Amino acid sequence: MDPLDNFKAAQRAGWAYFAPLQAITTTAAARLVKFAHVKPGMRVLDVACGTGVVAVTAARMGARATGLDLTPELIQVARENSRIAGVEIDWHEGDVEKLPFEAGAFDAVLSQFGHMFAPRPDVAVAELLRVLKPGGTIAFSTWPPELFIGKMFGLVGRYAPPPPPGVSPPPLWGDPNVIRERLGSAVKDITFDRAHMLTPALSLPHFREFMERTAGPVIKLTETLSASDPAKLATFRKELEAAAADYFDDNVVRQDFLMTRAVKA
Ligand SMILES: C[S@@+](CC[C@H](N)C(=O)[O-])C[C@H]1O[C@@H](n2cnc3c(N)ncnc32)[C@H](O)[C@@H]1O
């Protein structure tokens, strides 16, 4: 199998357990939909939609929403979410790097903590902008490398086996300078904002265990280390709890994120 296909298959397997985290990303979804100025009737694509929290929020505001994700288990939950919310959404299993939509099909293309996990940013950006109409809005939320979740993924990257050549670290998508460079002259009017998400946790070990059960890259790493190097796993766990300690207060872990909005030139 091609190394990138292999990498994506491992991602798909890891993200299959993400659904309980939708309780936390639901609040951030409302922030992103507002920030993107979604309006009734707009054709909105939610890329790497997971359980569809952004698409469902946009549809509840009257948008014609479509959601796409790599992981079939999450698309199944997304279908259930749209049924419960009483909204029609066009759901697709698919890859950010190869979107199954026509050029210019959408008025807004959104991604919440999603497209940042596609291995090749240049390919992902080309696809996101291809399916967006000229004058349409691209908007996404990402984890800055210097804040907690970015640090957590940095830590996972240091303990995990190296990814195949050409795979970019996801938290680079949280750096405004990198974002400007990646979007380049294909967009205008880039605007940034910040917001935060709060994850309830009874203790730091509770938080760590929750990540080990729900966050794809953490799941894969702990699986690998528990089979190959339990001592290294113990050190990783200590480091993860120590990193989270700076953001843990009043039984919540604070997770700040960056929001980016731009208009396709
Ligand atoms: C952190 S979750 C975010 C899910 C959702 N957007 C939310 O905010 O709740 C990351 C998502 O990216 C998806 N993903 C990762 N790589 C992808 C790819 N190449 N194409 C499509 N989806 C991808 C995963 O399946 C997972 O659902």
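No experiment lies behind these values; they were computed from the predicted model shown.

Visitor: Got a minute to help me understand the packing of aromatic side chains in this structure?
Guide: Two descriptors summarise a pair of aromatic rings, namely the distance from one centre to the other and the angle between the planes of the rings. Applying the stated criterion to the full structure yields 11 aromatic pairs. Residues Phe113 and Trp143 carry aromatic rings whose centres are separated by 4.1 Å and whose planes lie at 15 degrees to one another, so their mutual orientation is stacked. On the criterion of sequence distance, the pair formed by Phe113 in the loop between β4 (106-112) and α5 (121-130) and Trp143 in the loop between β5 (132-142) and α6 (148-159) is long-range, its members being 30 residues apart. Residue Trp143 is classed as buried on the basis of its relative accessible area, which comes to 5%. A connected cluster of aromatic rings, assembled from ring pairs, spans Trp15, Phe18, Phe117 and Phe153.

Visitor: Would you explain helix α8 (residues 204-214) in this entry?
Guide: Helical geometry note: an α-helix holds 3.6 residues per turn, so side chains three or four residues apart project in the same direction. Among all positions in α8, only Leu204, Phe207, Arg208, Phe210, Met211, Glu212 and Thr214 are buried. Among the structural elements, α6, β6 (187-200), α9 (216-228), α10 (230-245), β7 (248-249) and β8 (252-264) are those in contact with the buried residues of α8.

Visitor: Please explain the pattern of salt bridges as it appears in this structure.
Guide: Should their charged atoms come close, side chains of opposite charge can pair. Per the stated rule, a full pass over the model turns up 14 salt bridges. With a shortest N-O distance of 2.9 Å, Asp107 and Lys133 are connected by a salt bridge. On the criterion of sequence distance, the pair formed by Asp107 in strand β4 and Lys133 in strand β5 is long-range, its members being 26 residues apart. Among the residues examined, Asp107 registers a relative accessible area of 12% and is labelled buried. Since its relative accessible area comes to 31%, Lys133 is described here as partly exposed. For Glu212, the salt bridge is made with Arg237, and the minimal N-O distance between the two is 2.8 Å. One end of the pair, Glu212, is in helix α8; the other, Arg237, is in helix α10, with 25 residues separating them in the sequence. Salt bridges sharing common partners tie together Lys8, Asp95, Glu97 and Arg120.

Visitor: Where do I start with the site of the ligand in this structure?
Guide: Close to the ligand lie 18 residues; Thr25, Asp69, Thr71, Val96 and Gln112 are nearest. Separating an oxygen atom of the ligand from a side-chain N or O atom of Thr25 is a distance of 2.8 Å. In this structure, an oxygen atom belonging to the ligand sits 2.7 Å away from a side-chain N or O atom of Thr71. For the ligand, whose free accessible area comes to 600 Å², the fraction covered by protein is 98%. Mapping the ligand onto the cavity grids shows that it belongs to the largest cavity. A class-by-class count of the residues in the shell around the ligand yields 10 nonpolar, 6 polar and 2 charged.

Visitor: Quick question: what am I supposed to make of the nonpolar core here?
Guide: Nonpolar side chains tend toward joint burial in soluble globular proteins. In this structure, Leu110, Ile138, Phe148 and Phe236 are the most contacted members of the largest nonpolar core, which totals 77 residues. Other than its neighbours up to four places away in sequence, Ile138 contacts Val109, Leu128, Leu129, Leu132, Leu183, Val187, Thr260, Arg261 and Ala262. One finds Val56, Ala65, Ile75 and Ile89 within the second-largest nonpolar core, a separate group that totals 10 residues.

Visitor: Where do I start with the environment of Phe18 in this structure?
Guide: If you trace the backbone, Phe18 turns up in the loop between α1 (3-15) and α2 (22-35). Each C-alpha atom, one on Phe18 and one on Ala215, is 6.0 Å from the other, the two residues being 197 residues apart in sequence. The residues touching Phe18, leaving out its near neighbours within four places in the chain, are Thr25, Leu74 and Thr214.

Visitor: Just checking my understanding: could you explain the pairing of β8 for this structure?
Guide: Looking down a regular strand, the side chains alternate between one sheet face and the other. Extensive coverage of β8 is indicated by the burial of 10 of its 13 residues. Note: β5 against β8, 6 bridges, orientation antiparallel. Bridge pairing links Ser141 to Met259 in β8. Here β6 pairs with β8 via 12 bridges, running antiparallel. Opposite Val187, over in β8, you have Lys264 as the bridge partner. Bridge count for β7 against β8 is 2 bridges, and the pairing is antiparallel. Looking across to β8, one finds that Asp249 is bridged to Val252. Once β7 ends, the chain turns through 2 residues before running back antiparallel as β8, passing Asp250 with a positive phi of about 50 degrees.

The rules behind these values
- Residues numbered from 1 in each chain as written.
- Predicted model: local features only at pLDDT ≥ 70, side-chain atom pairs only at ≥ 80, totals over all residues.
- Heavy atoms only, no water.
- Phe/Tyr/Trp six-rings, centres within 6.5 Å; stacked < 30°, edge-to-face > 60°.
- Helix = DSSP H or I, 4+ residues; strand = E, 2+ residues; numbered from the N terminus.
- Buried < 20%, exposed > 50% of the residue type's maximum accessible area, 1.4 Å probe, protein only.
- Contact = heavy atoms within 4.5 Å.
- Salt bridge = Lys/Arg side-chain N within 4 Å of Asp/Glu carboxyl O.
- Near = heavy atom within 4 Å.
- Polar contact = N/O pair within 3.5 Å; in protein donor to acceptor, adjacent residues only side chain to side chain.
- Areas by Shrake-Rupley, 256 points an atom, 1.4 Å probe, with all protein chains shown as cover.
- 1 Å grid on protein atoms, 1.4 Å probe; cavity = no way out; pocket = protein on both sides within 12 Å on 5 of 7 lines; lining within 4 Å.
- Sits in = over half its atoms within 2 Å of the grid points.
- Nonpolar A, V, L, I, M, F, W, Y, C, P; charged D, E, K, R; others polar.
- Core = buried A, V, L, I, M, F, W, Y, C linked by side-chain atoms within 4.5 Å.
- Pairing = 2+ DSSP bridges.

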